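An overview of the molecular structure
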Amino acid sequence: MTMASNPFSGPERFYVRISPPLAARIRQLWSSRGLDLDRIWGECVGGLPGLATQSDGASAQAMRSHDGLCLFDQALIWLIGLNRICQAGQGVEGLALTQTQLSAIAALSGRMQETLGALRLLVLEGYTTPALQLARSVSEDVDMTLALLLRPRLAADFVACRTSDEANDFWRRHIAGGRAFRFVAEKLYAIGLDHTDGTHYGRWRREVLTLLGSAIHSSPLGRSRGAGRGGWTEDPMARDCLEFVTYRLHELCAWAHLLELRLTEDLTRIAAAAGPAAREARLLRYAVLSRDILLDQLRWSLRGREDPAGADLLAGPPLSGGPERP
């Protein structure tokens with residue numbers, strides 16, 4: 001049976017050049033929590049466009065690319081889980097988050113899910129420049145999601161937008177020019193993570209966003225060549241694009257739990273209210289239990305790299321209910 005006709009085949013059959021230790025680590029993390037990797041992966045990733053677009057090239061670059069794509073897909077599954085559990089939380093009482101915040105995060109994570117699917121397909125087909133354009137949008141949405149998590153009034157203003165003019169005005173007042181990130185950075189600073197402009201992280205962030213900006217604006221720098229199936233594994237820009245977006249989703253997961261320490265409690269309550277017979281019960285349960293899976297994958301992606309941004313994140317204060325250091 002081919003991969004395209006069997007959406008519940010294990011991910012190892014798709015990431016044919018994935019490093020065996022990473023494949024084993026992911027399975028161990030999922031199985032230790034009683035989560036069905038094959039089925040949830042199939043439901044979330046198995047139907048994505050371009051699923052069969054992959055290569056079995058033997059180079060070290062191909063292995064790193066397949067590792068990166070697998071970690072990207074793992075982060076995408078987490079985002080889908082967040083989206084579904086925020087939808088399921090409508091009407092659940094006793095949560096720390098307001099109903100408006102849940103609605104806002106569900107709407108924005110749904111948009112991000114579509115963007116990530118498009119970005120993934122563009123990378124796999126070798127169209128890196130438009131993928132970089134979408135990467136900047138994802139980064140902006142990560143910042144905005146965290147701001148919505150922190151500010152119930154902002155969430156109310158967000159869901160109140162009914163026209164394009166209102167949405168554009170909201171973007172100018174709350175997102176444009178890094179406004180959402182600056183607010184989030186202030187809150188992170190208060191709990192011991194200094195991500196202000198003068199830090200390594202701040203400089204790294206500016207450099208990356210400048211690169212992504214060059215992909216959006218008219219520029220003679222670089223051009224997508226449509227490398228087609230398999231060509232993306234040898235393209236360092238495509239690999240960097242996936243790794244940056246994956247890292248930003250890792251940040252979203254880690255920072256969300258740092259900034260709202262009752263988040264796991266809320267997610268647990270929502271999943272319990274939905275019950276084991278719910279249509280997406282497996283995915284809701286995954287959303288509750290996935291935090292430490294994502295943090296472990298963040299550590300994996302940063303192994304052996306002198307990454308000041310990653311070092312700052314991993315050196316942060318412990319997550320509530322987790323190990324002493326993530």
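Residues numbered from 1 in each chain as written. Predicted model: local features only at pLDDT ≥ 70, side-chain atom pairs only at ≥ 80, totals over all residues. Heavy atoms only, no water.

**Observations regarding the overall build of the protein chain**
- Regarding its fold elements, the protein chain presents 14 helices and zero strands.
- Counting helices and strands in the order they occur from the N terminus, the protein chain gives α-α-α-α-α-α-α-α-α-α-α-α-α-α.
- Counting all 326 residues of the protein chain, 50% fall into the buried class.
- Carbon and sulfur atoms provide 52% of the accessible area of the protein chain, an area that totals close to 14,600 Å². (Helix = DSSP H or I, 4+ residues; strand = E, 2+ residues; numbered from the N terminus. Buried < 20%, exposed > 50% of the residue type's maximum accessible area, 1.4 Å probe, protein only. Areas by Shrake-Rupley, 256 points an atom, 1.4 Å probe, with all protein chains shown as cover.)

**Quick look at the confidence of the model for the protein chain**
- Predicted confidence across the protein chain gives a mean pLDDT of 83, with 83% of residues reaching 70 or more.
- For the protein chain, helix α14 (residues 308-314) is the element with the lowest average pLDDT, namely 48, and helix α12 (residues 281-289) is the one with the highest, namely 97.
- Low pLDDT, under 50, characterises residues 1-9; the stretch is placed with 18 contacts to residues that sit more than four places away or in other chains.
- Predicted confidence is poor over residues 310-326, with pLDDT under 50, and the contacts of this stretch with residues over four places away or in other chains come to 39 contacts. (pLDDT = per-residue confidence, 0-100. Contact = heavy atoms within 4.5 Å.)

**Points about the pattern of salt bridges**
- Under the criterion given, the structure shown has 16 salt bridges.
- Notably, a salt bridge pairs Asp296 with Arg25, separated by 2.7 Å at the nearest N-O pair. You can see Asp296 sitting in helix α13 (residues 291-301) and its partner Arg25 sitting in helix α1 (residues 20-31), a full 271 residues away along the chain.
- Assessed through its relative accessible area of 9%, Asp296 is described here as buried.
- Here Arg84 makes a salt bridge to Glu280, at a shortest N to O gap of 3.0 Å. Of this pair, Arg84 sits in helix α3 (residues 60-88) while Glu280 sits in the loop between α11 (263-274) and α12, and the two are 196 residues apart along the sequence.
- Since its relative accessible area comes to 22%, Glu280 is described here as partly exposed.
- Three or more residues joined by partner-sharing salt bridges are found here, namely Arg25, Asp296 and Arg299. (Salt bridge = Lys/Arg side-chain N within 4 Å of Asp/Glu carboxyl O.)

**Looking at the layout of surface pockets**
- Of the voids in this model, the second largest pocket is the one considered here, and its volume is about 370 Å³.
- Around the second largest pocket sit 20 residues that line it, and Gly177, Gly178, Phe181, Arg205 and Leu209 are the ones nearest its centre.
- Looking at the lining of the second largest pocket, the elements with two or more residues in it are α5 (128-150), α8 (179-190) and α9 (200-216). (1 Å grid on protein atoms, 1.4 Å probe; cavity = no way out; pocket = protein on both sides within 12 Å on 5 of 7 lines; lining within 4 Å. Points joined across faces, edges and corners; volume = space filled by probe spheres on them.)

**Concerning the nonpolar core**
- Of all hydrophobic cores here, the largest spans 96 residues; its most connected members are Trp30, Leu119, Val245, Trp255 and Tyr286.
- Element by element, the count of residues in this core is highest for helix α10 (residues 236-259), at 14 residues. (Core = buried A, V, L, I, M, F, W, Y, C linked by side-chain atoms within 4.5 Å.)

**Topic: the packing of aromatic side chains**
- Enumeration according to the criterion identifies six aromatic pairs in this entry.
- Ring centres of Tyr15 and Trp41 lie 6.2 Å apart, and the angle between their planes is 75 degrees; on these two criteria the pair is classed as edge-to-face. Here Trp41 lies in helix α2 (residues 37-44) and Tyr15 lies in the segment before α1, a separation of 26 residues in the sequence. Across this residue pair, the class does not change: Tyr15 and Trp41 are buried.
- Members of the aromatic cluster, joined through ring pairs, are Phe14, Tyr15 and Trp41.
- Positioned above the aromatic ring of Phe183, the side-chain terminus of Arg151 is 4.8 Å from the ring centre. (Phe/Tyr/Trp six-rings, centres within 6.5 Å; stacked < 30°, edge-to-face > 60°. Lys NZ or Arg CZ within 6 Å of the ring centre and 35° of its normal.)

**Looking at empty space enclosed by the protein**
- In this structure the tally under the stated criterion is four cavities of 30 Å³ or more.
- Estimates place the volume of the largest cavity at around 100 Å³.
- Trp78, Leu82, Cys86, Leu97, Ile105, Thr145, Leu146, Leu149, Leu252, Ala256, Leu263 and Leu267 together form the lining of the largest cavity.
- Elements with a minimum of two residues in the lining of the largest cavity: α3, α5, α10 and α11.
- Partitioned by chemical class, the residues of the lining of the largest cavity number 11 nonpolar, one polar and no charged. (Nonpolar A, V, L, I, M, F, W, Y, C, P; charged D, E, K, R; others polar.)

**Focus on α11**
- Over its 12 residues, α11 extends 17 Å from the first C-alpha to the last, a length consistent with the 16 Å expected when each residue adds 1.5 Å.
- Within the sequence span of α11, burial applies to Leu263, Asp266, Leu267, Ile270 and Ala271. Within α11, the buried residues cover an arc of 130 degrees as seen down the axis, which keeps them to one side. Across α11 from its buried face, at more than 90 degrees, point the exposed residues Ala272 and Ala273.
- Contacts made by the buried residues of α11 are with α3, α4 (99-124), α10 and α12. (Expected span 1.5 Å × (residues − 1). Arc of directions from axis to C-beta.)

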